[in-house]
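Tertiary structure, described
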Amino acid sequence: MSGLEVNGLNKSFGGLTVCKDVTFELGPGDRKALIGPNGAGKTTLANLITGIAPPSSGTIRLDGRDLRGLREPQRVRAGIAKTFQITTLFKRLTVRENIRLGVSERKRQGLKLLRRADGDRATEAEVAELMHQFRLTRHADTTVENLAYGQQRLIEMALTLALHPRILILDEPAAGVPTSENHLIVEAIERLPKDLAVLIIEHDMQLVFKVARSIIVLVNGAILTEGTPREISRDRQVRDLYLGAGHG
Amino acid sequence: MSPNPRRLVPDLVILAAAVGLFFVFPYDLAFLTRILIMVVFVLSLDLVLGYAGIATLGHAAMYGTGAYAAGLFAIHVSADPLLGLAAGAVAGAAIAAVSGLIMMRAHGLTLLMLSIAVAQVLQEVANKARPVTGGADGLRGIRMEPVLGIWEFDFIGRTGYWYAFTVMALVLVMLKVVVASPFGLSARGIHESPARMRAIGTPVYARLVAIYTLAGGIAGVAGALAAQVTSLVSLEVYSFEHSAEAVIMLVLGGTGRLYGAVLGVALFMTVEHLAAAVDPFNWLFIIGALVLGVVFFVPAGLMGVPGALARLGRGR
Ligand SMILES: Nc1ncnc2c1ncn2[C@@H]1O[C@H](COP(=O)(O)OP(=O)(O)OP(=O)(O)O)[C@@H](O)[C@H]1O
Ligand SMILES: [Mg+2]
């Protein structure tokens with residue numbers, strides 16, 4: 001099949017198992033949410049998929065091809081990209097340079113020595129478009145470390161979209177974004193190419209219900225249930241988990 | 001390529017200084033040439049340390065290899081200076097590529113130790129290979145042909161000076177191009193966040209080896225220049241002091257801006273030269289105080305002074 005297939009995935013850190021027999025699929029056009037309490041293993045699962053960490057066992061396939069031997073950069077080039085829950089940017093580069101770097105590396109121009117990084121019209125147009133989309137144009141030439149955290153979250157998203165992924169994993173993209181800018185994240189997700197496969201990890205249920213067409217609930221590293229937003233919101237176990245624990 | 005002519009101001013200042021010093025200190029050309037060669041070496045270090053953030057205290061490994069390669073090349077193959085420079089560049093790049101394959105897997109303190117070890121090992125190899133390198137006596141008998149078949153190396157060192165200046169200027173221009181390129185941007189990206197670079201699809205390890213190899217070629221050119229101009233290669237080319245001083249000069253001038261290398265070397269070596277003449281025993285204190293002062297008051301190095309002053313001004 002085309003898209004991402006995760007099969008029987010396990011991961012433990014020493015004695016702690018944080019991913020237990022996880023199996024799911026993410027096909028073109030999917031908008032799936034991955035929810036679950038703090039420490040459920042959501043970020044770990046994302047890291048296993050992008051190759052930041054190796055699984056203890058299980059397989060991950062992209063378009064039927066086993067990704068086992070591929071390191072993170074190779075997986076990114078194969079079309080899997082993710083945003084970081086904890087903002088991970090090039091802090092002393094400007095916003096423009098951050099995004100330019102993403103575009104330039106996607107275009108495999110990183111070994112070009114003799115032309116200017118800012119000299120490619122198509123790249124610059126793309127950078128400008130991304131900055132515009134996330135209302136970052138005003139800050140284009142500010143170094144990232146001098147921007148508010150909320151703005152850095154938007155750069156996080158812009159930089160990842162610059163990679164033109166086919167499989168996009170968003171790890172709490174809206175966490176830390178001011179409510180007034182929250183719609184930028186939602187709009188960005190809604191504007192994504194229709195055939196893109198999106199997995200969104202998010203605590204904000206409003207956002208989840210806005211963008212997700214299917215929800216996976218992860219508890220203690222294992223999938224508790226998977227279903228449509230309607231099914232999930234009616235699920236007794238999920239309600240106990242979220243409401244019983246005093247959340248929501 | 002650079003539409004803004006103001007960008008050329010530092011280059012014109014350097015050119016003017018080179019011409020001025022040539023006429024004002026006609027009997028110190030050997031010393032001035034040493035400065036120029038050191039600038040090439042520290043420019044190479046800036047690419048590695050300043051741009052890519054690779055911690056190293058063993059940059060002399062490539063300088064020394066370039067020096068021996070150029071010396072041996074002159075003695076056994078051809079005494080043409082430009083071919084000798086090419087030999088130095090290739091040798092420096094080769095040793096960087098080979099050692100880089102191991103070093104670029106490491107980080108932090110391990111990397112620092114490895115970098116020192118590589119230079120030490122090479123020094124020991126050069127020491128043991130006495131029949132080839134002259135061992136502790138140094139490699140002697142280097143005679144260079146005229147540069148481009150026209151300019152003979154003379155006793156006062158005029159040819160050596162302009163030769164070294166030209167090479168330094170070309171290296172500076174080349175590095176200006178490189179650091180402004182997508183490759184240069186990726187080096188800064190790795191410095192800022194290797195994790196993010198991987199996440200945007202960059203094979204970070206391979207890129208680091210590439211950066212290190214390019215810088216190794218430039219350091220090799222610096223070593224080759226030294227061998228050609230002084231007609232001597234000694235084991236000192238691999239010394240730890242040589243690597244460490246290069247780092248100090250770079251930090252003094254300011255990392256990651258190329259001109260910092262020029263400024264740092266010129267200042268350090270001039271102060272060293274003068275202080276050693278005034279007080280041959282305590283000059284290290286003066287150097288130490290200078291470095292401490294800069295690190296304490298302008299952590300960005302001397303190139304950071306205008307910016308620091310501007311911030312002070314705005315603060316008022
Ligand atoms: N490198 C690691 N070494 C050891 N334990 C780890 C490591 N990374 C994560 N863990 C543990 O794995 C568990 C799952 O962490 P993870 O970050 O995946 O959870 P999460 O669902 O993303 O939580 P949150 O909602 O807070 O982001 C936690 O108990 C965490 O302490
Ligand atoms: Mg998480």
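Rules and cut-offs
Residues numbered from 1 in each chain as written. Chains lettered and ligands numbered in written order. Predicted model: local features only at pLDDT ≥ 70, side-chain atom pairs only at ≥ 80, totals over all residues. Heavy atoms only, no water. Helix = DSSP H or I, 4+ residues; strand = E, 2+ residues; numbered from the N terminus. Buried < 20%, exposed > 50% of the residue type's maximum accessible area, 1.4 Å probe, protein only. Contact = heavy atoms within 4.5 Å. Areas by Shrake-Rupley, 256 points an atom, 1.4 Å probe, with all protein chains shown as cover. Lys, Arg positive; Asp, Glu negative; His and termini not counted. Charge placed at Lys NZ, Arg CZ, Asp CG, Glu CD. Buried area = accessible area lost by both parts, 1.4 Å probe. Salt bridge = Lys/Arg side-chain N within 4 Å of Asp/Glu carboxyl O. Polar contact = N/O pair within 3.5 Å; in protein donor to acceptor, adjacent residues only side chain to side chain. Nonpolar A, V, L, I, M, F, W, Y, C, P; charged D, E, K, R; others polar. Phe/Tyr/Trp six-rings, centres within 6.5 Å; stacked < 30°, edge-to-face > 60°. Lys NZ or Arg CZ within 6 Å of the ring centre and 35° of its normal. Axes fitted to C-alpha atoms, helices over the stretch in contact; angles between N-to-C directions. Parallel < 35°, antiparallel > 145°, perpendicular 65-115°, else oblique. Donors = N, O, S within 2.8 Å, 3.2 Å for Na, K, Ca; no water. Pairing = 2+ DSSP bridges. pLDDT = per-residue confidence, 0-100. Near = heavy atom within 4 Å.

Description of the overall build of chain B
- Across its full length, chain B carries 14 helices and zero strands.
- Starting at the N terminus, the α and β elements of chain B follow one another as α-α-α-α-α-α-α-α-α-α-α-α-α-α.
- Looking at chain B as a whole, 51% of its 316 residues qualify as buried.
- Restricting the contact set of chain B to residue pairs at least 6 apart, pairs at least 24 apart contribute 77%.
- Entry remark: accessible area of chain B is about 14,200 Å², with carbon and sulfur atoms responsible for 71%.
- Charge separation in chain B, taken as the distance between the mean sites of 18 positive and 15 negative side-chain charges, equals 15 Å.

With respect to the interface of chain A and chain B
- Taken residue by residue, the interface counts 30 residues in chain A and 27 residues in chain B.
- Taking both partners together, chain A and chain B bury about 2,600 Å²; carbon and sulfur atoms supply 61% of that area.
- When the buried surface of chain A facing chain B is broken down by residue, A:Phe90, A:Leu113 and A:Arg116 rank first, second and third, together holding 23% of it.
- Taken together, chain A and chain B are joined by four salt bridges.
- Of the charged contacts in the structure, one is a salt bridge between A:Arg92 and B:Glu192, with a shortest N-O distance of 2.8 Å.
- Counting the contacts that link chain A with chain B gives 13 residue pairs in polar contact (both at pLDDT 80 or more).
- When residues of the side of chain A that touches chain B are traced back to their parent elements, those giving at least two are α2 (72-77), α3 (95-106) and α5 (149-161) of chain A.
- For the side of chain A that touches chain B, a count of residues per class yields 13 nonpolar, six polar and 11 charged.

Overview of the packing of aromatic side chains
Residues and elements named next belong to chain B.
- Within this structure, the stated rule accounts for eight aromatic pairs over all chains.
- Ring centres of Phe-22 and Tyr-161 lie 5.6 Å apart, and the angle between their planes is 25°; on these two criteria the pair is classed as stacked. One end of the pair, Phe-22, is in helix α1 (residues 9-24); the other, Tyr-161, is in helix α7 (residues 158-179), and 139 residues separate them in sequence. Both residues of the pair, Phe-22 and Tyr-161, belong to the buried class.
- Linked through ring pairs, Phe-22, Phe-23, Tyr-161, Trp-162 and Phe-165 together constitute an aromatic cluster.
- One Lys or Arg, Arg-105, reaches over the ring of Tyr-205 and ends 3.7 Å from the middle of that ring.

Topic: the packing of helix α3 (residues 60-76) of chain B against helix α5 (residues 108-128) of chain B
Residues and elements named next belong to chain B.
- Between α3 and α5, the least distance of the axes is 9 Å, while the angle of their chain directions is 25°. Judged by the angle between their axes, α3 and α5 are roughly parallel. Two secondary-structure elements touch here, α3 through Ala-61, Thr-65 and Tyr-68 and α5 through Val-118, Ala-119, Leu-122 and Ala-126.
- Across the contact of α3 with α5, the residue classes tally to six nonpolar, one polar and no charged.

Side note on the coordination of the magnesium ion (ligand 2)
Residue and element names in this part refer to chain A.
- Protein coordination at the magnesium ion (ligand 2) comes from Thr-43 (OG1) and Gln-85 (OE1), with a distance range of 1.9 to 2.1 Å. Linking Thr-43 in helix α1 (residues 42-50) with Gln-85 in the loop between β6 (80-82) and α3, this pair joins segments that are 42 residues apart in sequence.
- Accessibility expressed as a relative area gives 25% for Thr-43, which makes it partly exposed.
- The partly exposed category is assigned to Gln-85, whose relative accessible area is 30%.

A look at the sheet that holds strand β2 (residues 16-26) of chain A
Residues and elements named next belong to chain A.
- Ordered by their spatial adjacency, four strands build an open sheet running β2-β1-β4-β5, and the pairing between neighbours is antiparallel. For this open sheet the edge positions go to β2 and β5 (65-66), each flanked by a neighbour on one side alone.
- As defined by bridge partners, strand β1 (residues 4-13) adjoins β2 across seven bridges and the pair is classed as antiparallel. Counterpart to Glu-5 in the pairing with β2 is Glu-25.
- In the packing of α1 onto the sheet, the strands contacted are β1, β2 and β4 (57-62), and the crossing angle to β1 comes to about 120°.

A short note on the pattern of salt bridges
All names here are of chain A.
- Under the defined criterion, the tally for this structure stands at 16 salt bridges over all chains.
- Its salt-bridge partner being Asp-118, residue Arg-116 comes within 3.0 Å of it at the nearest N-O pair.
- Overlapping salt bridges bring together Lys-107, Arg-115 and Asp-120 as one network.

A short note on the confidence of the model for chain B
Residues and elements named next belong to chain B.
- Averaged over chain B, the pLDDT score is 91; the fraction of residues at 70 or greater is 98%.
- Within chain B, no element has a lower average pLDDT than helix α14 (residues 305-315), which sits at 77, and none a higher one than helix α8 (residues 182-192), at 98.
- Interface confidence for the predicted complex, expressed as ipTM, amounts to 0.92; the pTM equals 0.93.

Overview of the site of ligand 1
All names here are of chain A.
- In the vicinity of ligand 1 lie 14 residues, with Gly-39, Lys-42, Thr-43, Thr-44 and Gln-85 positioned nearest.
- Separating an oxygen atom of ligand 1 from a side-chain N or O atom of Lys-42 is a distance of 2.8 Å.
- Within the side chain of Thr-44, an N or O atom sits 2.6 Å from an oxygen atom of ligand 1.
- Per-element tally for the shell around ligand 1: the top contributor is α1, with three residues.
- The class makeup of the residues in the shell around ligand 1 is five nonpolar, seven polar and two charged.

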